[in-house]
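The residues making up each chain are set out below.
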Amino acid sequence: MATQSVTPALLRLPGVCALVGLSKSQIYRLIKSGEFPAAIQLGANSVAWPAEQVHAWIAEKINSSAR
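The text that follows walks through the structure, step by step, so that each part is easy to find.

Calculation rules
Residues numbered from 1 in each chain as written. Predicted model: local features only at pLDDT ≥ 70, side-chain atom pairs only at ≥ 80, totals over all residues. Heavy atoms only, no water. Buried < 20%, exposed > 50% of the residue type's maximum accessible area, 1.4 Å probe, protein only. Helix = DSSP H or I, 4+ residues; strand = E, 2+ residues; numbered from the N terminus. Pairing = 2+ DSSP bridges. Phe/Tyr/Trp six-rings, centres within 6.5 Å; stacked < 30°, edge-to-face > 60°.

1. Looking at the pairing of strand S3 (residues 46–50)
Turning to step 1, where the next piece is worked out: Judged by how many residues are buried, S3 sits mostly within the fold: 4 of 5 residues are covered.
Turning to step 2, where the next piece is worked out: As paired strands, strand S1 (residues 10–11) and S3 are joined by 2 bridges and run antiparallel to one another. Each residue of the ladder has a partner; that of Leu11, found in S3, is Trp49.
Turning to step 3, where the next piece is worked out: Inspection of the sheet shows strand S2 (residues 40–43) paired to S3 by 3 bridges, in the antiparallel sense. Looking across to S3, one finds that Ile40 is bridged to Ala48.
Turning to step 4, where the next piece is worked out: Hairpin remark: S2 followed by S3, antiparallel, with 2 residues in the connecting loop.

2. A short note on the packing of aromatic side chains
Turning to step 1, where the next piece is worked out: Taken as a whole and assessed by the stated rule, the structure comprises 2 aromatic pairs.
Turning to step 2, where the next piece is worked out: A ring pair is formed by Phe36 and Trp57, whose centres lie 4.8 Å apart and whose planes are at 70 degrees; its orientation type is edge-to-face. Here the residue Phe36 occupies a position in the loop between helix H2 (24–32) and S2, and Trp57 occupies one in helix H3 (residues 51–65), the gap between them amounting to 21 residues.
Turning to step 3, where the next piece is worked out: Of the residues examined, Trp57 reaches a relative accessible area of 15% and is grouped as buried.

Structure, rendered in structure tokens:
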């Protein structure tokens, strides 16, 4: 399988919610329990999630449900 070059991307909270199908409060609960990737600080009042980490979390959920 050929490896693909992926440009790093950051997702803001509305994008993360749309991708994973969870609410903001549920995402933050999962972060607190260590079950979801933490956001990175962009500025004083701004955070985002590395898209690669969010997609990896989704893939893990899919793989674990198929077992």
